[in-house]
Amino acid sequence: MLKGILYMLIAAFAFAWMNLMAKYLQGFHPLQVVFFRAFGTFIFIFPYMVYKKVPIVGKHVFWLSFRGVLSFVSLALFFKVVQDIPLGSAVALRYTAPVFSVILAFYFLKEKVKFGQWICLAVALVGAFVMKGVDFRIDTTSFILIMLSSLFVGGVFVIVRYLGSREHFLTIINYFMVFSIVGSLFFINKWRMPIEDEWLWICLIGVLGLIGQVFLTKAFQLADTSAVAPIKYMELVYALLFGFFLFGETYSFWSIIGMLLVVLGMLFNILIKRKK
């Protein structure tokens, strides 16, 4: 249990740094940043899959591909929004993804949803709209894009849940990387070459994404979801600290209340779902 919690802390820290790199690289087109993120992970995962003889194509090509497309679009939208609004706000708003995953799983996987969960999901959505209403730095376009990103992440959760033990987890991740790399190349005319210390940041964003993905997976393997999932929200704490000290981002009282509603809604959703 303790090792699972530690792994989730590491994962949250790695993802927080990855988000910071995306914010720092705002001089690049968002899809070029997606390419950096995907390629930096792909060059480690793919050789390992070949060495361990992990299936590259998999058995459920349609759902693996659909998952890859949704993940690519979601990440591209998130990186776009990260460049345009405060880092903490972008991270907090994307935490509404479980709202959509619960709704989609209810309709498509026929999963049972308790009444208390619906209340928690509503609270989280209210928190998102509170953030939008009180923080004028969150423009309407960015709000729509980040909510779409969350919707697609919710779809990804449901597809991964459906695939479950049917596919190796590295096969699923690799589809995400491949589709992100290929999709990003369609916008290569908007790219520019990195200069000076930017090479360090583009290398780090891929490595940090890989570290976060590996430790996140290990955390869920070693400990109960209700124990480790709340630790993932430490990513928001890191984002707020990074935003404050590195970009001078501050938040009003009601902005913080909105973030708390999102986080608490998601946390209580987990607790109610796990309660027998």
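Refer to the structure above for everything that follows.
The model shown is predicted, which means the values in this text are computed figures rather than measured ones. (Residues numbered from 1 in each chain as written. Predicted model: local features only at pLDDT ≥ 70, side-chain atom pairs only at ≥ 80, totals over all residues. Heavy atoms only, no water.)

> What is the right way to read the overall build of the chain from this model?
Assigned secondary structure in the chain consists of 12 helices and 0 strands. Beginning at the N terminus, the succession of helices and strands in the chain can be written as α-α-α-α-α-α-α-α-α-α-α-α. The C-alpha radius of gyration computed for the chain amounts to 18 Å, which stays within 12% of the reference 19 Å derived for 276 residues, consistent with globular compactness. Looking at the chain alone, contacts between residues at least 24 apart form 87% of all its contacts between residues at least 6 apart. Element-wise, carbon and sulfur atoms account for 74% of the exposed surface of the chain, whose accessible area totals about 13600 Å². (Helix = DSSP H or I, 4+ residues; strand = E, 2+ residues; numbered from the N terminus. Rg over C-alpha atoms; globule rule 2.2 N^0.38 Å. Contact = heavy atoms within 4.5 Å. Areas by Shrake-Rupley, 256 points an atom, 1.4 Å probe, with all protein chains shown as cover.)

> I would appreciate a short explanation of helix H11 (residues 234-247) in the present structure.
It helps to recall that an α-helix has 3.6 residues per turn; residues three or four apart then point in one direction. The end-to-end C-alpha distance of H11, which contains 14 residues, comes to 19 Å, matching closely the 20 Å that a straight helix rising 1.5 Å per residue would cover. Every buried residue of H11 is listed here: Glu 235, Leu 236, Tyr 238, Ala 239, Phe 242 and Gly 243. For H11, the angular spread of buried residues about the axis comes to 155 degrees, placing them on one side. Downstream of H11 by a residue or two, Gly 248 has a phi angle that is positive, lying close to 65 degrees. (Expected span 1.5 Å × (residues − 1). Buried < 20%, exposed > 50% of the residue type's maximum accessible area, 1.4 Å probe, protein only. Arc of directions from axis to C-beta.)

> Is there a simple way to think about helix H4 (residues 87-94) in this case?
By the criterion of burial, H4 is predominantly enclosed, with 7 of the 8 residues buried. Of the surrounding secondary structure, the elements contacted by the buried residues of H4 are helix H1 (2-24), helix H3 (61-84), helix H6 (115-134), helix H7 (140-163), H11 and helix H12 (253-274).

> How should the packing of helix H2 (residues 30-52) against H3 be read in this particular structure?
Relative orientation and spacing of two packed helices are given, respectively, by the angle between their axes and the distance between those axes. Axis separation between H2 and H3 bottoms out at 9 Å; the angle between their running directions is 120 degrees. Classified by the interaxial angle, the pair formed by H2 and H3 is oblique. You can see that H2 and H3 cross each other, and the crossing is right-handed. Contact with H2, carried on its side by Pro 30, Leu 31, Val 33, Val 34 and Arg 37, involves Phe 72, Leu 75, Ala 76, Phe 79, Lys 80 and Gln 83 of H3 and no other residues of that element. (Axes fitted to C-alpha atoms, helices over the stretch in contact; angles between N-to-C directions. Parallel < 35°, antiparallel > 145°, perpendicular 65-115°, else oblique. Left-handed = near helix turned anticlockwise from the far one by under 90°.)

> What am I meant to see in the packing of aromatic side chains here?
The geometry of an aromatic ring pair comes down to the distance between the two centres and the angle between the two planes. Applying the stated criterion to the full structure yields 21 aromatic pairs. With a centroid separation of 5.2 Å and 80 degrees between ring planes, the pair formed by Tyr 7 and Phe 215 is classed as edge-to-face. One end of the pair, Tyr 7, is in helix H1; the other, Phe 215, is in helix H9 (residues 198-222), and 208 residues separate them in sequence. Overall, Phe 215 belongs to the partly exposed group, its relative accessible area being 23%. Ring geometry for Phe 13 versus Tyr 238: centroids 5.1 Å apart, planes at 80 degrees, classification edge-to-face. Of the two residues, Phe 13 sits in helix H1 while Tyr 238 sits in helix H11, which places them 225 residues apart along the sequence. Owing to a relative accessible area of 16%, Tyr 238 belongs among the buried residues under this scheme. These aromatic residues form a ring-pair network of at least three members: Phe 13, Trp 17, Tyr 238 and Phe 242. (Phe/Tyr/Trp six-rings, centres within 6.5 Å; stacked < 30°, edge-to-face > 60°.)

> In this structure, what is going on with the pattern of salt bridges? I would like to understand it.
Pairing between side chains of opposite charge can happen when the charged atoms of each approach one another. Taken as a whole and judged by the stated rule, the model has 6 salt bridges. Notably, a salt bridge pairs Glu 249 with Lys 23, separated by 3.7 Å at the nearest N-O pair. Pair noted here: Glu 249 is in the loop between H11 and H12 and Lys 23 is in helix H1, with a separation of 226 residues, a long-range link. There is no split in this pair, since Glu 249 and Lys 23 are both buried. Across the pair Arg 192 and Glu 198 runs a salt bridge, and its minimum N-O distance is 2.9 Å. Among the residues examined, Glu 198 registers a relative accessible area of 14% and is labelled buried. (Salt bridge = Lys/Arg side-chain N within 4 Å of Asp/Glu carboxyl O.)

> Looking at this structure, I do not really get the nonpolar core. What am I missing?
When a protein is soluble and globular, its nonpolar side chains tend to lie buried together. With 71 residues, the main nonpolar core has Phe 79, Leu 93 and Ile 205 as its most contacted residues. Excluding anything up to four places from it in sequence, Phe 79 contacts Met 18, Ala 22, Pro 30, Val 33, Val 34, Arg 37 and Ile 205. Among the nonpolar cores identified, the runner-up in size contains 7 residues, and Leu 64, Ile 159, Ile 172 and Tyr 175 belong to it. (Core = buried A, V, L, I, M, F, W, Y, C linked by side-chain atoms within 4.5 Å.)

> Please explain the packing of H6 against H7 as it appears in this structure.
Closest axis-to-axis distance for the H6/H7 pair is 11 Å, and the angle between their directions is 155 degrees. Comparing their axes, H7 and H6 come out roughly antiparallel. Here H6 and H7 pass one another in a crossing that is right-handed. Packed against H6, whose contacting residues are Leu 125, Ala 128, Phe 129 and Lys 132, the element H7 presents Thr 140, Phe 143 and Met 147 at the interface. Broken down by class, the residue content of the contact of H6 with H7 amounts to 5 nonpolar, 1 polar and 1 charged. (Nonpolar A, V, L, I, M, F, W, Y, C, P; charged D, E, K, R; others polar.)

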